[in-house]
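Spelled out from the first residue to the last, the chains are:
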Amino acid sequence: MSEQRPRDVRQFAGTTEASRAVHGGERRVRAGHPLAEPIVQSATYTFDDTADLVRYMEGHGGEGREEYGRYGNPTVRAFEEKLAALEGTADALAFASGMAAITTTILAMVKSGSHVVLFSDCYRRTRQFVTGFLDRFGVRATLVPPADLDALEAALTKDTRLVVSEAPTNPYQTVLDLERLAAICRPRRIKTMIDATFATPINLRPAAHGIDLVVHSATKYLGGHNDVLGGVVAGPEGPISLVRDLRHVLGGVLDPHAAYLLHRGVKTLAVRVAQQNRSALALAARLEAHPRVRRVWYPGLASHPSHAIASRLMSGFGGVVTFAVKGDLAAVSRVVDAMKIPRIAPSLGGVESLVEQPALMSYFELSSEERLALGMSDDLVRYAVGLEDTDELVADVLAALETP
Ligand code: PLP
């Protein structure tokens, strides 16, 4: 009997982010269907006979049927469907890394002569791709100051096709007024793209605020275990099908094993992010009151310039706390080295807390003066909380701050 049960019967998608993280996009086709998503490790798919092939080519192959690994894979599709359910978008596409998602999406939106506007604090490699690579192909770019929507509006031209930002941004966690951004761009038919890696769909769903395309480095919170690289873009059918067509050509597809890990990771996203929100807020509040700390940037603090916007748009403020420790680069390094819980590593969003000094990581090749000109002082620390106990995490950082 249950063998005959049509698709979608007893399928619970959930109305809250926590339930959708577990059940959203899940396919329960029949009794005996595996509960965990199978890893379909195949580069290609077969046809019964030539008539079957022709039926497929004519578009009558049946839902979910795949042809070749670069064009689709059921495990990857399961991850994409879950992400679309979480973001509240018509569709989503997965890629081999966050940068593969970002570069393919941007490329699909522009042509020679197009103009792109980026907020100057968007992800460094995204900026590099647009300003240092696409310019070779006649795509022009303008950088505008963080969250400055008046500057954005002034920068728009008749050729502007795309506006790109991150929300919150790295490392200062600025949150843009997404609704106003959408209100500026929509009537001009300019696409908006938000990198919401730091927020995750648990804390912020940019599509609900009028944003066209949402991208993530799935390497971070979506995977959540610091063990897999991946990326995703979510949005409406039209733009997503342009991105899909280009992915078929550029080929930066997600591997089925990686898709399995990401799909599995997302099931625990809501509880992980809730805990990381809690720990980061507690850490930020204690740091702000500490005499050794010059300044803290965390959108959950009333002192953060984006606090009002973040409180309106976000249901949690994320797991990253940026702070400046009084002292020179070496003194700040001594404080970082004295921390016993976090490991020193790039990245964020996994179960292990990670810490880094931007001056010694992303901006290492620059002098102190050059870093300062970019707004990156030598006393900065970026702390990405993991899932260790909140009180232990906070106590560890406070003890390290006693280091001379
Ligand atoms: N976007 C943000 C905000 C990031 O932090 C990163 C990586 O650090 C990326 C995109 C790129 O993602 P990936 O490393 O998965 O290519």
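Structure: see above.
Quick summary incoming for the structure in this document. (Residues numbered from 1 in each chain as written. Predicted model: local features only at pLDDT ≥ 70, side-chain atom pairs only at ≥ 80, totals over all residues. Heavy atoms only, no water.)

### Side note on the side chain of T390
(1) Moving on: Position of T390 among the secondary structure elements: in helix α15 (residues 390-400).
(2) Moving on: Taking relative accessible area as the criterion, T390 reaches 16% and is therefore assigned buried.
(3) Moving on: Discounting residues that sit within four places of it in the chain, T390 has contacts with Q275, S279 and A282. (Helix = DSSP H or I, 4+ residues; strand = E, 2+ residues; numbered from the N terminus. Buried < 20%, exposed > 50% of the residue type's maximum accessible area, 1.4 Å probe, protein only. Contact = heavy atoms within 4.5 Å.)

### What to know about the sheet that holds strand β3 (residues 140-144)
(1) Moving on: A sheet is described by the order of its strands in space; here 7 strands give the open sequence β1-β7-β6-β5-β4-β2-β3, paired in mixed fashion. Each edge of the sheet is formed by a strand with only one pairing partner; in this case those strands are β1 (91-95) and β3. Pairwise comparison of adjacent strand axes, ignoring direction, gives a mean angle of 20° for this sheet.
(2) Moving on: Contacting β1, β4 (160-166), β5 (191-195), β6 (213-217) and β7 (231-235), helix α4 (residues 98-109) crosses the sheet at an angle of about 155° to β6.
(3) Moving on: Here helix α9 (residues 237-250) sits on the sheet in contact with β1, β5, β6 and β7, set at roughly 25° to β1. (Pairing = 2+ DSSP bridges. Axes fitted to C-alpha atoms, helices over the stretch in contact; angles between N-to-C directions.)

### Examining the site of the ligand
(1) Moving on: Taken together, S97, G98, M99, I102, Y123, E166, D195, T197, S217, T219, K220 and G230 are the residues near the ligand.
(2) Moving on: At 2.9 Å, a backbone N or O of M99 approaches an oxygen atom of the ligand.
(3) Moving on: In this structure, an oxygen atom belonging to the ligand sits 2.8 Å away from a side-chain N or O atom of S217.
(4) Moving on: With the chains in place, 87% of the 380 Å² that the ligand exposes on its own is no longer accessible.
(5) Moving on: Element by element, the count of residues in the shell around the ligand is highest for α4, at 3 residues.
(6) Moving on: Its residues assigned to classes, the shell around the ligand shows 3 nonpolar, 6 polar and 3 charged. (Near = heavy atom within 4 Å. Polar contact = N/O pair within 3.5 Å; in protein donor to acceptor, adjacent residues only side chain to side chain. Areas by Shrake-Rupley, 256 points an atom, 1.4 Å probe, with all protein chains shown as cover. Nonpolar A, V, L, I, M, F, W, Y, C, P; charged D, E, K, R; others polar.)

### Considerations on the packing of aromatic side chains
(1) Moving on: Under the criterion given, the structure shown has 6 aromatic pairs.
(2) Moving on: Among the aromatic residues, those joined into a cluster by ring pairs are F129, F133 and F137.
(3) Moving on: Sitting over the face of the ring of F95, R247 holds its NZ or CZ atom 5.7 Å from the ring centroid. (Phe/Tyr/Trp six-rings, centres within 6.5 Å; stacked < 30°, edge-to-face > 60°. Lys NZ or Arg CZ within 6 Å of the ring centre and 35° of its normal.)

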